[in-house]
Each structure stands twice: as C-alpha cells, then as structure tokens.
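# Structural features, examined
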Amino acid sequence: MAVRQKAVATLPTLMRALRKESPSIPQRLPSLRRGFSLYDQVNLIDNIPEDQLRFQGYTDSGFTVNGVEYEGSLLCVGNLMLSWSPRKMSDITVDSLSIFQAVRPIPEILIVGTGRYIQPIDPEIRKFIRSTGMKLEAIDSRNASSTYNILNEEGRIVAAALLPYGVDS
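Per an unreviewed UniProt entry, the protein chain goes by the name NADH dehydrogenase [ubiquinone] 1 alpha subcomplex assembly factor 3 and belongs to Deinandra increscens subsp. villosa. Regarding the protein chain, the UniProt comment filed under Subcellular location (unreviewed entry) reads as follows: "Mitochondrion". UniProt, in the comment section headed Sequence similarities (unreviewed entry), describes the protein chain in these words: "Belongs to the NDUFAF3 family."

Moving on to the environment of valine 77. You can see valine 77 is positioned in strand S6 (residues 73-77). Expressed as a C-alpha distance, the spacing of valine 77 and leucine 110, which sit 33 residues apart in the sequence, is 8.7 Å.

What follows deals with the pairing of strand S5 (residues 68-71). If a strand is regular, its side chains alternate between the two faces of the sheet. Bridging between strand S4 (residues 62-65) and S5 involves four bridges; their strand directions are antiparallel. The residue of S5 that forms the bridge with valine 65 is valine 68. Counted between consecutive antiparallel strands, the loop separating S4 from S5 contains two residues, among which asparagine 66 sits at a positive phi close to 50°.

Bringing helix H2 (residues 123-132) into the picture now. Because the α-helix completes a turn every 3.6 residues, residues three or four places apart line up on one side. Within the span of H2, buried status applies to Ile125, Phe128, Ile129 and Thr132. The buried side chains of H2 occupy one side of the element, clustering within an arc of 95° when seen end-on. Looking at H2, the residues exposed on the side facing more than 90 degrees away from the buried face are Pro123, Lys127, Arg130 and Ser131. Where the residues of H2 are buried, they touch strand S8 (109-113) and strand S9 (135-139). For H2, the N-terminal capping position is held by aspartate 122, with its side-chain oxygen 2.6 Å away from the main-chain nitrogen of glutamate 124. Of the residues one or two after H2, glycine 133 is the one with positive phi, at around 95°.

Note: most peptide bonds trans; most residues except glycine with negative phi. In this chain, arginine 104 is followed by proline 105 through a cis amide linkage whose omega measures -5°. Tracing the sequence through the fold places proline 105 in the loop between strand S7 (80-84) and S8. For asparagine 66, which is not glycine, the phi dihedral falls at a positive 50°. Classification of asparagine 66 as partly exposed rests on a relative accessible area of 36%.

Each value, and the rule that gives it
Residues numbered from 1 in each chain as written. Predicted model: local features only at pLDDT ≥ 70, side-chain atom pairs only at ≥ 80, totals over all residues. Heavy atoms only, no water. UniProt positions renumbered as here; feature names shortened; annotations may be inferred. Helix = DSSP H or I, 4+ residues; strand = E, 2+ residues; numbered from the N terminus. Pairing = 2+ DSSP bridges. Buried < 20%, exposed > 50% of the residue type's maximum accessible area, 1.4 Å probe, protein only. Arc of directions from axis to C-beta. Contact = heavy atoms within 4.5 Å. Polar contact = N/O pair within 3.5 Å; in protein donor to acceptor, adjacent residues only side chain to side chain.

In structure tokens, the structure reads:
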C-alpha cells in the first residue's frame, strides 16, 4: 500500500516535468519494417535496390510500380513483371497461371490479389498451385501488393497475380 501511495504522490511532479519537456527536433515515426542488429538499424523501406519491384500505389484500374503507372492486371515473379490477361476472378484459370510450370526457381508463395474484396479461389486452381510446390494466399489487391513488397524486400522468392483494385467480382 505504501508503494501505491508513493506512486500517486509523485504523479503530479512527473506530469509537470513531462509538460515542460518539448522535443526540439521532430522525430520520424519508426518503420514497422526495420531490421535490427546489435550495432545498427537498417531501414528496409529506404534502402531498396533500384532493380527491385516495389508497388507504390493503386487505382481502381491499375497499379503504380517503381514510379510507373500500369493499367490492368499484373503478374509478378521475383523482380519480373508482366501484363496479365484476367480482368475478373472468373477469368483466372489454370491456363492463366501456367507460367508457373516453367518458372525457376519456384516461388515459395503466390499472392493472388482478388480486387476490392477477398474472394474464394477455385479448388482446381488451388490444386494446380500446390502441384507446382508453391503456397497460395488470396487477399484483396491492396493488401496483396503490400505483402508482395514486404516479402520481396526480405529477399524471398515470391510471385503475385493481381487484379486491379476496382474489380468487385
């Protein structure tokens, strides 16, 4: 009980001291994606190689990648990006993903951006992706592009098949 009373008694003094201190230099908020070592912090967001794909934005009809705006669906494997023919979920077929039978090294995960909302993936497509040795993650395109950035920045072999964000079904 005595410890609590002492804490309550020092609280007004602490509050006054905190109000008096104002930071002279504004501090940037730390990134959630920082690598830590014993000696240094490495900000992965600011130190991206120029040849690495990085999604910077999206619209209802496309994406901004490395400062360039692209219309329509995109297929990314590692740091290779291709225009992709599907325009809606029902257009995604085993044929539209057949490139993954030839790609080497095999990506560890395929992130499917399903447009504005998360949508189920056809069981036949799931079976095909598993047969290639990849894992499959289906999420909305906004989060899919962010997830791709994070995994790619970590140096992992990752693929993304992204429908534009404006796709509803």
